[in-house]
Amino acid sequence: MPSLVDMLLNPSFWFSVLRVTTPIIFAAIAALITDKAGIMNISMEGTMLFSALAGTIVSALTQSAWIGLLGAMAAGVLLSLTLAYFTLELKTDVILGGVAINLFADGGSIFILYLLTGDKGTSVSLASKVLPSVTIPLIDKIPVLGAIISGHNALTYIAAATVFAVYFMLKSTPLGLKIRAVGENSSAAQSVGVSAKKIQYLSLALSGLIASLGGAYMSMAYLPNFSRNMTSGRGWIALAAEAMGQGGVLATSAASLVFGFADAMANALQMFSLPAELVGIIPYVATVIGLILYSVRIKNAKKRRGASKKPL
Amino acid sequence: MRQDKSFEFARTLLSIAISLALAFAIIALSSKEPLAALRYFIIGPLDSASHIGNIIEMAIPLVFTGLYYSILFKSNLFNLGAEGLFFSSGLLSGMLGATTYMPPGLHPFVLILAGGLLGALLGLIPCAINYKWGASTLVVSLMMNSILYGICMFLLNNKFRDVSSYTIVTEPFQATAKLARIIPGTRVHAGAIIAIACCVFLYLFLNRTKWGYELRMLGSNKHFAEYSGMGVASIMFLAHAISGALAGIGGSVEVLGMYSKFQWTSLPGYGLDGALIALLAKSNPAVVPFAALFIAYIRNGADMMARLSDVPAEMVALVQAAIILLISSQALLKGLRERSLLSKLKGENANA
């Protein structure tokens, strides 16, 4: 199919890969931070959705996109802290807590949207603001690469910065060490004076903060306003990306890029009169296959390790 | 034990009470005429036979997905795949209902059986993938929802679609395929009987059979189950097959009972509701119908309130989220319970 090759050679396709990967990367990194602290956080979908709405509302009220972004971040942290309070203080099962947060965000965002605008579908009637796109000087002059990397929304670059910041934080800061210690063996961490609860609170708050950036991206960059259920499963895809990346920040980001690629492919393939319904499931099938491949690798690695130990 | 149960019960009641108080507070804050809105919310669903019928008809699918999660919770397995199974089996039964001919009575029975079978088979997939390769059942089941939805919509749109219709629907079901109405003046259909039968079956299965015992044992202590020589893997497969079958039966019953052709174009959302029902019912199949009726009641109340006043029906999602959070809070009322245990112990010591 020559047209498919054309598509893959076209810089605008790769530009769109980065564009659709941005929210997935935010959510996947958010999931990773709590996972490192030993918490399976499945509330990314809801956190993003709720932050998307908060960003729209605050930016419309203040007429400033950046203050809107702060509003989105506050909403994300608040939601995550709610989850933290229930799981850490009241001992709610964290998966069910995540289910509840998602349910709350799904219904709650429509509820609030309706109270503010009288519309249950979109926030077009709110004069909300959009975060600016950034043209990187010099790089935008490079052929092909410039067209792919330059000109994205500011949040896409913030996503890239977040990846490296979290990588560095987990690897070489005292906080990162504590988070990993709590995740791997919380009693051992407690015994050397690390408060597991405090660290888990902190990691959930950080996770909410990062997921909220993904939400803000949806309603203030990817699209110019909020619409109901606009995250449409990205929070779940991010969980799969995180599962595939298995705790590695860079591996998780790479996995997110794979899903972004599958997503962009699905969008682009629809032009080739392939059935939209089947093209739409590509990212999910890719997730399952990726997850299986990863799990097989882990299983084999374990087996090898087990085998090498035996002679001793 | 007895005291444990009564504390569980008190915690459930307290959770419901707090959540309903939250609902009242939301109504009071968001409505211009809160008293009228509140009246529609509380009394509206009960004020006529047809409204009560609405509650029962809405509770039917919730019972099936509630049972789905009950069996998973009991065996300490968890996945979020009910949604996709419910949809797929619904489509299968709907498609067969439109294209096959059978005597009345037998027809829906066969279709529902087919739906249950499909549900069981699909329910086994995440379990098998987990068993064979170790991939997370939770994530695979979630992805399967979207995959099944895509495949079903493709089949519906390209293979089973009624070409004479402008919307994406199957051809109308044969009259023999539909489930009969059982209460005059309402839309309550024979699916209610099937739902109750499934509850009874699951209750007996869990509490009176060897497999049920093994399944509960797997849930309460997996290592013990392993060491006592139970085939843990086969019990896990069994749990997934039964829960899948229940979700599949639920999808078929809902489609054949409520519609005259298959017309869903999005996932109907009963999957996650099931987790809420199972939580409310403490995974006890005998309590599942009551939990389903309660949730159906507050949803109908919210719907009526949305139609007749200015509070949107989505309010109910906030109430449900609060119920889930509170009921699954192990620490809620824990202090009270510990104090009562302590005082009881002290009393016993004093007597001794």
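Residues numbered from 1 in each chain as written. Chains lettered and ligands numbered in written order. Predicted model: local features only at pLDDT ≥ 70, side-chain atom pairs only at ≥ 80, totals over all residues. Heavy atoms only, no water.

Caption draft 1: How the structure looks around the packing of helix H3 (residues 49–74) of chain B against helix H12 (residues 288–308) of chain B. All names here are of chain B. Put simply, H3 and H12 touch, their axes get as near as 7 Å, and they point 130° apart. When the interaxial angle is binned, H3 and H12 end up oblique. Here the hand of the crossing between H3 and H12 comes out right-handed. On the side of H3, the interface is formed by His 51, Asn 54, Ile 55, Ile 56, Met 58, Ala 59, Leu 62, Val 63, Gly 66, Leu 67 and Ser 70, while H12 contributes Val 288, Pro 289, Ala 292, Leu 293, Ile 295, Ala 296, Tyr 297, Arg 299, Asn 300, Asp 303 and Met 304. For the contact of H3 with H12, the per-class residue count stands at 15 nonpolar, five polar and two charged. (Axes fitted to C-alpha atoms, helices over the stretch in contact; angles between N-to-C directions. Helix = DSSP H or I, 4+ residues; strand = E, 2+ residues; numbered from the N terminus. Parallel < 35°, antiparallel > 145°, perpendicular 65-115°, else oblique. Left-handed = near helix turned anticlockwise from the far one by under 90°. Contact = heavy atoms within 4.5 Å. Nonpolar A, V, L, I, M, F, W, Y, C, P; charged D, E, K, R; others polar.)

Caption draft 2: Up close: unusual backbone geometry. Residue and element names in this part refer to chain A. One non-glycine residue with positive phi stands out, namely Lys 91, at about 60°. Here Lys 91 is to be found in the loop between helix H4 (65–89) and helix H5 (94–117). A positive phi is found at Ser 232, a non-glycine position, where the angle reads about 30°. Inspection of the secondary structure assignment puts Ser 232 in the loop between helix H10 (196–222) and helix H11 (234–245).

Caption draft 3: Highlighting the nonpolar core. Counting residues in hydrophobic clusters, the biggest one holds 193 residues, and the most contacted among them are B:Ile295 and B:Met315. Here B:Ile295 is in contact with B:Leu62, B:Leu276, B:Ile277, B:Leu280, B:Gln320 and B:Ile323, once residues within four sequence places are set aside. (Core = buried A, V, L, I, M, F, W, Y, C linked by side-chain atoms within 4.5 Å. Buried < 20%, exposed > 50% of the residue type's maximum accessible area, 1.4 Å probe, protein only.)

Caption draft 4: Seen up close, the confidence of the model for chain B. Overall, the prediction assigns chain B a mean pLDDT of 87, with 96% of residues at 70 or greater. For this predicted complex, the interface confidence reaches an ipTM of 0.82, while the overall pTM sits at 0.85. (pLDDT = per-residue confidence, 0-100.)

Caption draft 5: Region of interest: the packing of aromatic side chains. Residues and elements named next belong to chain A. Evaluation of the coordinates by the stated rule reveals 19 aromatic pairs over all chains. Taking the centre distance of 5.6 Å and the plane angle of 20° together, the rings of Trp 14 and Phe 261 count as stacked. Of this pair, Trp 14 sits in helix H2 (residues 11–36) while Phe 261 is found in helix H12 (residues 249–269), placing the two residues 247 residues apart along the sequence. Trp 14 sits in the partly exposed class, given a relative accessible area of 32%. A residue is classified by how much of its surface remains accessible, and Phe 261, at 28% relative accessible area, is partly exposed. Centre to centre, the rings of Phe 50 and Phe 104 are 5.3 Å apart; their planes meet at 45°, and the pair counts as tilted. Of this pair, Phe 50 sits in helix H3 (residues 44–62) while Phe 104 sits in helix H5, placing them 54 residues apart in sequence. In this structure Phe 50 comes out as buried when scored by relative accessible area, which is 16%. (Phe/Tyr/Trp six-rings, centres within 6.5 Å; stacked < 30°, edge-to-face > 60°.)

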